[in-house]
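Take a look at the letters that make up each chain.
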Amino acid sequence: MQRRTFLERGVTVGALALGGFSLDSRAIAADAPRYDLIVVGAGTAGLPAAIFASRRGAKVLLLDAANDIGGTLHLANGQVAAAGTRTQAAKGIKDSPDAHYADVMRLAHDLADPNIVRRTVDEAPATINWLLDAGLTPLPDHPVTGDNPTRKAYTTARYIWAKEEGRAILAVIRRELEPEVASGRVTVRLGSRVTALVTDPNDAQGAVIGVRAGDFVAAGRHVLITTGGYAMNPAVFERLCGQPTYAGASYPFSLGDGLELATSVGGWLRGRDLHRPGSGSILTAEAFDSKIYARFVTAPQTRLPWEIWVNNAGQRYVREDEPLTYERERAFVKQDRLRYQIVFDAAIASEAPVGIEKWSREKLLAHFDTHPMFHRADTLEALAAKAKIDAAGLVATVRDYNAAVASGRDALGRQHMPRPIERAPFYAITQLGHSATSSAGIVVDRQLRVQRGDGSIVPNLYAAGEVLGSGVTLGKAFAPGMMLTPALALGRWLGNTLPVGADRKPRRA
């Protein structure tokens, strides 16, 4: 894939203008603290960058808006993948970064950034082996392929995680960071939100020379942005993804700060079209910071559908028994407001297997009197009004679906059609799309240097982790371990290669 082709799927260049951030081109005071590396964000990418730069003798400043290190590792499932790990060797599994690369690009439908994926798979084995050597203990049967009847998986077992999930990785990294802090080479400032990048007022290229966090200003030879995503900032989310975010299910400090900092110096963003909303969930409300209340089973391998799914226009948008999650998600992401209704009638309510796991039929039906996402009415028109969808569209859709049941031929190709929808009362359950990750992010080159819209480099400024956008390693699908692994591996690589101390050139890439 050509670089320009990939980048053209980006979002508009320019600052997000969210407020609270600015460009600072004043000279840094002579008595300001000075560092080889300033890391903005003490999470999955920033921590290994600080650790490995410090091991090379660098003086490192590690800042975070939160009052603890770790970022999304506090919440993540902790799944990582690499080709050439000690866990593979112990089971006699032969693997290579080339095979890993091919698998990721296949799973991402070639929508991931080949440069970022290549760098990740090349650096992943040493990164995961570092964690294993430092005490990370995967589950006994690992590595695995990530095989799942509803999703494509790796061709080789290289996917691992520990019982304590992301917290297990964080525990290892805390131990690895401690001696670097004790040595005085790493300084950690928590509760310190960076609000400006400081640029050299005398440099025509706008080189970044430091950061400002309130009244605190520090100078840095290199500045690395690793602040994570924006899933907890609904205004940024809707602007960058073009769809609302409903569930507040991500790390509280995933506010988009790093994207704001990068765009303040001309950085470019991409990934708007790579948003992944899942297959939807039943939430507590149709507003941001709602919680996941329940999930209706949408995988036909678990439960064949009796209901139909309709969008805000009252129209079906996918065959409900489509076996691949990717295809269902690809159809869903195009729907207005990432919202659809699971529609059925009294006969289905009494005869079909209950669609929410571990719920009884009585519990399900009771929710139509008490929960705002559950709707019931005596006519389809009244049901549409309650569910806030188009009534004429719903009536026509049910009519056409019932004709398909009678003929056995469905226009969308659905095969499992056990009953028509015709007996009152009628039911609808609202499902909303949501994501804990952020698809859009900062454009960087192969060396992870932040790029402007014209392709030029912002001198001394780098980015790694989810701030690059989940789309760069996932496309709009799911590749096992390709959220945490890139953050860990790329952060470690930068810590190992950025010039520090007396170095004049980076280590060989």
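Going by the structure above, here's the rest.
The residue count restarts for each chain, going from 1 along the sequence in the order it is written. Where local features are concerned, this predicted model is filtered to residues with pLDDT of at least 70; where side-chain atom pairs are given and counted, the filter is 80 or more; whole-chain, interface and lining totals use all residues. With hydrogens and water set aside, each side-chain value is computed from the structure's full complement of heavy atoms.

Peer 1: Looking at this structure, how should I read the overall build of the chain?
Peer 2: Think of it this way: any DSSP run of H or I at least four residues long counts as a helix, any run of E at least two long counts as a strand, and we number them from the N terminus. Secondary structure assignment for the chain yields 15 helices and 19 strands. Referenced to the eigenvectors of the C-alpha coordinate spread, the extents of the chain come out at roughly 80 × 55 × 40 Å. Only protein chains enter the accessibility calculation, which uses a 1.4 Å probe. A residue is then buried if its area is under 20% of the maximum for its type, exposed if over 50%, and partly exposed in between. In the chain, which comprises 509 residues, the proportion classed as buried is 59%. Carbon and sulfur atoms provide 50% of the accessible area of the chain, an area that totals close to 19800 Å². By the counting scheme adopted, Arg and Lys are positive, Glu and Asp are negative, and His together with the chain ends is not counted. Think of each charge as sitting on NZ of Lys, CZ of Arg, CG of Asp or CD of Glu. Each charge class in the chain can be summarised by its mean position, and for the 60 positive and 52 negative side chains these summaries are 4 Å apart. Here, Shrake-Rupley sampling with a 1.4 Å probe gives the accessible areas, and only protein chains in the shown set may cover a residue.

Peer 1: Even after reading the chapter, I still don't get the environment of Ala384, so can you show me in this structure?
Peer 2: With respect to the helices and strands, Ala384 occurs in helix 12 (residues 380-387). On a C-alpha basis, the gap between Ala384 and Phe426 in space is 9.9 Å, while along the polypeptide they are 42 residues apart. The contact criterion used throughout is that any non-hydrogen atoms of two residues lie within 4.5 Å. Contact partners of Ala384, with chain neighbours within four places excluded, come to Ile389, Asp390, Ala391 and Leu394.

Peer 1: How do you make sense of the pairing of strand 16 (residues 426-432) when you look at a structure like this?
Peer 2: Working note: regular strand, side chains alternate between the two faces of the sheet. Burial runs high along strand 16: seven of the seven residues are buried. In strand 16, alternate side chains face the same way, and those of Phe426, Ala428, Thr430 and Leu432 on one face and Tyr427, Ile429 and Gln431 on the other are all buried. A strand pair is defined by DSSP finding two or more bridges across the two strands. As defined by bridge partners, strand 14 (residues 339-345) adjoins strand 16 across seven bridges and the pair is classed as antiparallel. Bridge assignment links Val343 to a residue of strand 16, and that residue is Ala428. Bridging between strand 15 (residues 374-377) and strand 16 involves four bridges; their strand directions are antiparallel.

Peer 1: Would you mind showing me how to read the packing of aromatic side chains here?
Peer 2: Remark: the centre distance and the inter-plane angle together describe each pair of aromatic rings, the angle taken between the planes. Two rings belonging to Phe, Tyr or Trp (six-membered ring only in the last case) form a pair when the distance between their centres is within 6.5 Å. Interplanar angles under 30 degrees mark stacking, angles over 60 mark edge-to-face geometry, and anything in between is tilted. Summed over the entire model, instances satisfying the criterion amount to 14 aromatic pairs. For the pair Tyr293 and Trp359, a centre-to-centre distance of 6.2 Å together with 85° between the ring planes defines the contact as edge-to-face. With a gap of 66 residues between them, Tyr293 in strand 12 (residues 292-294) and Trp359 in the loop between helix 10 (346-351) and helix 11 (361-366) connect regions that are remote in the sequence. Between Phe368 and Phe374, the aromatic rings sit 5.3 Å apart at their centres with planes inclined by 85°, giving edge-to-face as the arrangement. Given the relative accessible area of 7%, Phe368 is considered buried. Grouping aromatic residues by their ring pairs yields a cluster made of Tyr293, Phe344, Trp359, Phe368, Phe374 and Tyr427. Taking the ring centre of Tyr35 as reference, the NZ or CZ of Lys59 above it sits at 5.1 Å. Geometrically, a charge over a ring is one whose NZ (Lys) or CZ (Arg) sits within 6 Å of the ring centre while staying within 35 degrees of the ring normal.

Peer 1: Hey, could you run me through the sheet that holds strand 16 in this one?
Peer 2: Pairing is antiparallel in the open sheet, where four strands are placed in the order 13-14-16-15. In this open sheet, the two strands that pair with only one neighbour each are strand 13 (308-310) and strand 15. Strand-to-strand twist across the sheet, computed as the mean angle between neighbouring axes with direction ignored, equals 25°. Both strand 13 and strand 14 contribute to a ladder of three bridges, which runs antiparallel. Looking at the pairing, Ile308 lines up with Val343 of strand 14. Helix axes are fitted to C-alpha atoms over the stretch in contact, other axes to C-alpha atoms as well, and angles between N-to-C directions run from 0 to 180 degrees. Of the strands in this sheet, strand 13 and strand 14 are in contact with helix 13 (residues 391-407), which crosses strand 13 at around 150°.

Peer 1: So what exactly am I meant to see when it comes to the environment of Ala396 here?
Peer 2: Here Ala396 is to be found in helix 13. The class for Ala396 is partly exposed, based on a relative accessible area of 23%. Linking Ala396 and Gln315, residues 81 residues apart in sequence, is a C-alpha distance of 8.3 Å.

Peer 1: Quick question: what am I supposed to make of the environment of Leu494 here?
Peer 2: Take Leu494: it is sitting in helix 15 (residues 484-497). Measuring from C-alpha to C-alpha, the distance between Leu494 and Ala464 comes to 8.8 Å, with 30 residues separating the pair along the chain. Sequence-distant contacts of Leu494, defined by excluding residues within four places in its chain, comprise Arg56, Leu224, Gln447, Leu448, Tyr462 and Ala464.

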